[in-house]
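One-letter residues, chain by chain:
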Amino acid sequence: MSFGDPNPNNPYGQQPGQPPQGQPGYGYPQQAPQGVPPQGQQPGYGYPQQQPGVPPQGQPGYGYPQQPGGTLQANNGFINVAGLGTVELATMGRRLGARALDGVAYGILYAIFSAIGIAGLVGASKSLDDCNGMEYGTSAYNQCVSDAADASVGILAGFFGFIAVFALIALLYEWLMVSIWGATLGKMVLNVKVVKESTGQAPGLGAGFIRWIIPMVGSLFCGLGTLLVYLSPFFDNSGKLQGWHDRAGSTIVIKTK
């Protein structure tokens, strides 16, 4: 009685029905590597199905670019912005329309201040004309001329004071409103908003001031520089419609509705 191979005539020492060790024989399917389902079997538990054209989970492979915030979506006017998701860029028509509405508001204020100053100058001129009916060189005549001159100086000082106030209002209107709320009245009317490209929030005082000062510096060149700054988004080849002032302030202009 032998305790070894049950079949002493088997030269390989294998059990019946098993291929020789290390030699995959006919009729003995090879075992697939670990983690791969056997051939001909549907992927079961532990073998997630792979969708065509989608990279494996957790493996951003070649040809599957990620979409961080601030990236364009197929360059079709939409952009991913942190904190906002996918938003639509404001068209140049909307932006220029908002600028035109703000210009109308500026014009109305300027016209009011100018009318006050001009009316004062006309009144001073009439006061000086009243002195012509008096005898030249008399104390009454001299007093009349002195009063008219004082009135003219006061009116001129008031007029230039109005201009200074107007400039201050323009500064605070554009700078503070865009910095804090991301929009002026014109932009609010046309659903346009300025946001930081990196955060999706209002620009803040620093970026808002940079964005405001660049067109103002351009106005020193007979207004031509300002016009070029406002038209510069047309020259942006990134597809984000960023003007020179937007790039300097790291902002983009989006549509809110």
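Heads up: these notes are all about the structure in this document. (Residues numbered from 1 in each chain as written. Predicted model: local features only at pLDDT ≥ 70, side-chain atom pairs only at ≥ 80, totals over all residues. Heavy atoms only, no water.)

Another aspect to go through is the pairing of strand S3 (residues 192–196). Within S3, four of the five residues are buried, leaving the element largely enclosed by the surrounding structure. The sheet contact formed by S3 and strand S4 (residues 251–255) spans five bridges and is antiparallel. Pairing of Lys 196 across the sheet is with Thr 251, part of S4. (Buried < 20%, exposed > 50% of the residue type's maximum accessible area, 1.4 Å probe, protein only. Helix = DSSP H or I, 4+ residues; strand = E, 2+ residues; numbered from the N terminus. Pairing = 2+ DSSP bridges.)

A separate point is the environment of Ala 82. With respect to the secondary-structure elements, Ala 82 resides in the loop between strand S1 (78–81) and strand S2 (85–89). For Ala 82, a relative accessible area of 33% puts it in the partly exposed group. For the pair Ala 82 and Gln 201, spaced 119 residues apart in sequence, the C-alpha separation works out to 8.9 Å.

Take helix H4 (residues 204–218) next. Compared with the 21 Å implied by 1.5 Å per residue over 15 residues, the 22 Å span of H4 between its first and last C-alpha is a close match. Among the residues making up H4, those that are buried are Ala 207, Gly 208, Arg 211, Trp 212, Pro 215 and Gly 218. With its buried residues spanning 130° around the axis, H4 presents them on a single face. (Expected span 1.5 Å × (residues − 1). Arc of directions from axis to C-beta.)

One open sheet holds the four strands; their spatial order is S1-S2-S4-S3, and the pairing between them is antiparallel. Two strands in the sheet have a free side with no partner beyond their single neighbour: S1 and S3. Sheet twist, expressed as the average angle between the axes of neighbouring strands with direction ignored, equals 55°. Here four bridges tie S1 to S2, and the two strands are oriented antiparallel to one another. Bridge pairing in S2 places Ile 79 opposite Val 87. (Axes fitted to C-alpha atoms, helices over the stretch in contact; angles between N-to-C directions.)

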